[in-house]
Structure formats: structure tokens, C-alpha cells
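# Structural overview for review
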Amino acid sequence: MTELTLLPTGPTNRLFAGAIPAELRARWCAVRLPWAGGPDTRAVIVLDVGEDVALTSVAAPGRNGVAYSLLHIPFDAGELRIDLLGTAHPPRHLLLSVRPISRAGAAARLLTRAPGPILRAALGGRAGWSRRVRAALARAGGEAPAASYGLWAMLFDHWSKEEVARLAAASDREAWPAILALVLCEGGTETTAARATLDSLAAQAVPARVRPLAAGVPLGPVLADAGEPYVAILQAGEIVPPYATALLGAYLARNGEPLAVYADEDAVDADDTRHAPLFKPEPNRALMLSGTLTRGVWLFRRDWLVSRAPEKAGWAEVLRLDLWLRLHEAGRAGETRRVPFILTHRRADVEAAPAAALAEVVRAHLARLGAAARIASDALPLQVRPLLAGARDRSVALIVPSALRAAHVRRCLRAVLERTDHTALELLVVVSQSAPLDTEQRATLAAVGEDRRVRVLMLPVERFNYSAANNFGASGTEAEFLCLLNDDVAPIAPDWLDTMLGQFADPAIGAVGAKLLYENGTVQHGGIIIGLAGLAEHANRGLPRGAP
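## Quick notes on the overall build of the chain
Summing up its helical and strand segments, the chain has 16 helices and 26 strands in all. Each of the three principal axes of the chain carries a C-alpha extent, and together these read 80 × 70 × 35 Å. A burial count over the chain gives 43% of its 548 residues as buried. Long-range pairs, those at least 24 residues apart, make up 73% of the contacts in the chain between residues at least 6 apart in sequence. Carbon and sulfur atoms make up 55% of the accessible area of the chain, which totals about 27,600 Å². Across the chain, the centroid of the 59 positively charged side chains sits 5 Å from that of the 57 negatively charged ones.

Given below as C-alpha cells:
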């Protein structure tokens, strides 16, 4: 057992640090921390390993007022730091008891914490076994941030009054562009929702000029009289934290004053409980057409906005969507930037725009471009399916690398041919082997049936390579579009291919992917995110098919 004394460091007196003795390095260790805060306090344990500083564990107090954590200390770890979050009166020092334990003992403790996920990872097959099990063990090491949005906010969105004051007093404050905040009030400027938004703007550490606008008020004179270079657009019922204008001003100045800026958001209940966070991606036209990113504060440069704003005020969501789509039409959508902070909290009484109003903006945008789409406007997000002119007659080659052996190959190839409502279609099966097709492979092809759209391309190689197989298939066709398709995929609806082709009505789009489902109807992936699980991982795996 080793006793470690951590002393306060940093301006908040909430952060404690101490050197790690050599005998604790390259070891699994059980850490005992007598608690100094209340039940809502968390201890964030961080190991300093040179340039690679990693969040290691989050510990919470037990019933006995003591926090326990299990962590692996790397051999090159030099300093251990603990940040106490949620305590108003931090102690003068922290005294930790650290006891080295064996790897087997650590694994046993982790297994008792989360037996289900670890066993599922271990029994999931040989492929990637070590990575899956290590990831499951790591997730069991501390309190999972995903278990509580309140914990996430405590870890990553905690702003003390002192921190807000330091932000507002930044040395480059004079370079921050001024902001005019427009609050669109569909129900009038004296509603409870409108007052909440106006009060939050009045409490800003860096003041902004505020102009509430009732429905139908002309926008032109308001913008023409404004001297501020940026206009922030808010809807009654969207409230902003006291550091919002400071963060926005600093971001604008430090990022070249972009044409449009938006930020992340969440919802807030009457008791100030935050939930339903929306951490937004970079905008693209397909996503913007759905209305998904139209909520929360947006800023536009006034010199660009003044000649493009509609005649009268309406809903903020409608105005934001209309302005961004006009940016896209002007070829300047790439000048949009995201501020990676939650700067809007949506109240339950927020004056949300109806789906039909957003759908009208989308229709007007498509009409200006001479484009067409099918729009389901009964609810948000809007379901917008662009239509590519003459899509059914545009040539498409489905490239399917396959060994032609597994039983599912017969079912899936036959399903693709029978359930694809597209005229100009060819299916290229690329078989990577130096020998001719054997009896089993010929039987698989025979089960698909005689279909003139099917061709088999033999790639004479000794080992399968997915990229090489697709490149070989692409070289064997003159089709306008290539569809890279696995041999275990079957379509759900006959118009699946034309639905994907519709996205190419936007000339900026060069590749289109689809959401994949497991046979039980849950999501296999809605995209792949680089960085998850240390490499790459499927997004939204396991969610119900229709989950928003």
C-alpha cells in the first residue's frame, strides 16, 4: 500500500496533483480516496504521460463516503491529477491509498462490475477478440459518462463565475466583433418563453444589443439600422448561458470572421435539468434539408444577411434554414463554422416552427434550383428525397466481391435482382481466386438464376483484397454510377437504388451511403465514425430502426 498526497494546483483550488512513485508504474492499482465533497461530486482522475494526457477514470463516492477506482498506470506516467467537480469547498489536500494488484485480479474486479458487456465481447467470435475485450474492460473501469448527461455536463460543460469572468476579460476582447441578437417571438414579446430568452441575453458576461421581434415585423429596417457586423438569431424559448456571446465573439475573431456560425444545443426542464443534447456535425445540404440543424443559435454576417433576409419576421428555424440554403445556392455553404459548445437550451415552451413551414422553405429552394424532391412534411425531421432526372435510365453497376460459397450469398444476390426497380442495371460478381469456379460456386450462381444482368469477373490473385476486388470490378464496366455492395445485403424497398441516386441531383455530392439494418430490424450502422473504439466503429449500432 502506498500513500499519495496530492496538493492543490491551478486557479480554482479544485485541481490536485502529485508525482507517481516508480513502484506504481506499469501496474494495475486499486485507488482509495476518502471523500471531501457531497454525493454529487465526481473525481476525474487524469494520468500525465508526457504529451499524451488521457482521461483515465471518473470516481463517485460510495455509501461510506469513500471513492474507489481501478486503473492501469502506464510505465511512463509521471504525474497523477484529480479534478474535484461539483464541490464548493475543496479540501487543502487529498490523501490517496494506492495498492498494486495483479492483472488477473484487475480483470476479475472489472468482470464483476460489468459482467454482461464483457462476456458479450468475449463470446462475439474470434475476429477482433482482443480489441473487443480490452475495450469492454476499459469501459468498466470507471463511471461511464454516457450513463448520465448530467455527468457529461459536469465533466465538459462546467463554467464557474470566475471562469466566465476570465473569458470576458480576454486580452483580445477589443477585436471581438459586436453582435446584434434578434429574438423572433411568434407569440409576441411578452410571453413567458420570450421573457426567458431576453433575460438570458441580459445576463451575458459580454453584452450584445438585443432586439425582440414579433411576428410580421419587417426585418429590413432592423438590419439596415444595425451597426453590428454579426446578427444572432434566436427563437422565443431558446435560452443561452451567460458566456454565450463571449465564446461566440472570441470564436469569430479567432477564426477569420466566417460567414455563418452555429453551436450545439440541448433541452432544459422547468427545474433546470438539462437533457437531449444535440452535438451537431458539420452542415451539409442533405442534412440541412431535413431541418435537423435549424434549432439553436445561429449567427450570420450582417453585410451578407441584409439583402437576403425575408421581408417579415417569422420563426427562427425557418429563417436559419432559408439563409443557409441561400448560402448553398451561392456556393458559399463551405464558409459555415460550428462552435463546439452547447450555447442554447430549449425550454419546453419554445416556439418551435411547424414542419410544414420548414417544408415550404425546402420547396422554394428546390424551385430556385429547378430541382424536384418528394417531401414528407408531417413531422420533423423532414424526409426529403431528391429526384435525379431520368434516374431509372442512368446506368449503374453493382460491384459485389464474393467467394460465392456462403448460403446467404444466394439469397442476397437473388433479392437484389428481384427487388431492385431500376432499368439500367448490371451486377458484377468479382471472385478473387486463381483457379476456375468449383462445383459449389457454380451451384451458387445457378441458384441466382439465368439473368443477363449478371456477370462474373475472375480476379487471378492468391489472397482476397476488398479494395482490389472493387477496383477490378470498376475497370470492367462503363456504367455512369458504381454501387459497392457486400454479398450479405438485401434491399428492403424496390426503389432503394433510385432513392440513393436522387442525392446526386446535387452536383456537390460524389458518394452516397445508406443506413443498414440487421435482420431483426435494429440498426447495423447509420454511417461509420473514425476514432470510435480506438480505430473506427459503426454509428448508432443496435438502435431501433426508427429512432430519431
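## Quick look at the pairing of strand β17 (residues 372-376)
Relative to strand β18 (residues 383-387), β17 runs antiparallel, the two being bridged by 5 bridges. Bridge assignment links I375 to a residue of β18, and that residue is V384. Linking β17 to β18, which pair antiparallel, is a turn of 6 residues.

## Details of the side chain of E265
With respect to the element layout, E265 can be found in strand β13 (residues 260-268). Overall, the relative accessible area of 1% leaves E265 in the buried class. Among the polar contacts listed, one links the side chain of E265 to the side chain of K280, at a separation of 3.4 Å. Polar side-chain contacts of E265 include one of 3.5 Å to the side chain of R295. E265 has contacts with A276, P277, L278, K280, R295, G296, I342, T344 and R346, leaving out every residue within four places of it along the chain.

## Looking at helix α15 (residues 466-475)
Looking at α15, one finds that the buried residues are A469, N470 and G473. Down the axis of α15, the buried set is contained in an arc of 95°. They therefore lie on one face. Turned more than 90 degrees away from the buried face of α15 sit N471 and S475, all of them exposed. For α15, the N-terminal cap is N465; the gap from its side-chain oxygen to the backbone nitrogen of S467 is 3.1 Å.

## What to know about the nonpolar core
If you look at the biggest cluster of nonpolar residues, it comprises 41 residues, and the most contacted ones within it are L182, I233, F300 and V362. At 8 residues, helix α11 (residues 316-329) tops the list of elements feeding residues into this core. L182 has contacts with R211, L213, L219, V222, L223, V231, A232, I233 and L234, leaving out every residue within four places of it along the chain. With 34 residues, the next largest nonpolar core counts A168, A170, W176 and A236 among its residues.

What counts and how
- Residues numbered from 1 in each chain as written.
- Predicted model: local features only at pLDDT ≥ 70, side-chain atom pairs only at ≥ 80, totals over all residues.
- Heavy atoms only, no water.
- Helix = DSSP H or I, 4+ residues; strand = E, 2+ residues; numbered from the N terminus.
- Buried < 20%, exposed > 50% of the residue type's maximum accessible area, 1.4 Å probe, protein only.
- Contact = heavy atoms within 4.5 Å.
- Areas by Shrake-Rupley, 256 points an atom, 1.4 Å probe, with all protein chains shown as cover.
- Lys, Arg positive; Asp, Glu negative; His and termini not counted.
- Charge placed at Lys NZ, Arg CZ, Asp CG, Glu CD.
- Pairing = 2+ DSSP bridges.
- Polar contact = N/O pair within 3.5 Å; in protein donor to acceptor, adjacent residues only side chain to side chain.
- Arc of directions from axis to C-beta.
- Core = buried A, V, L, I, M, F, W, Y, C linked by side-chain atoms within 4.5 Å.

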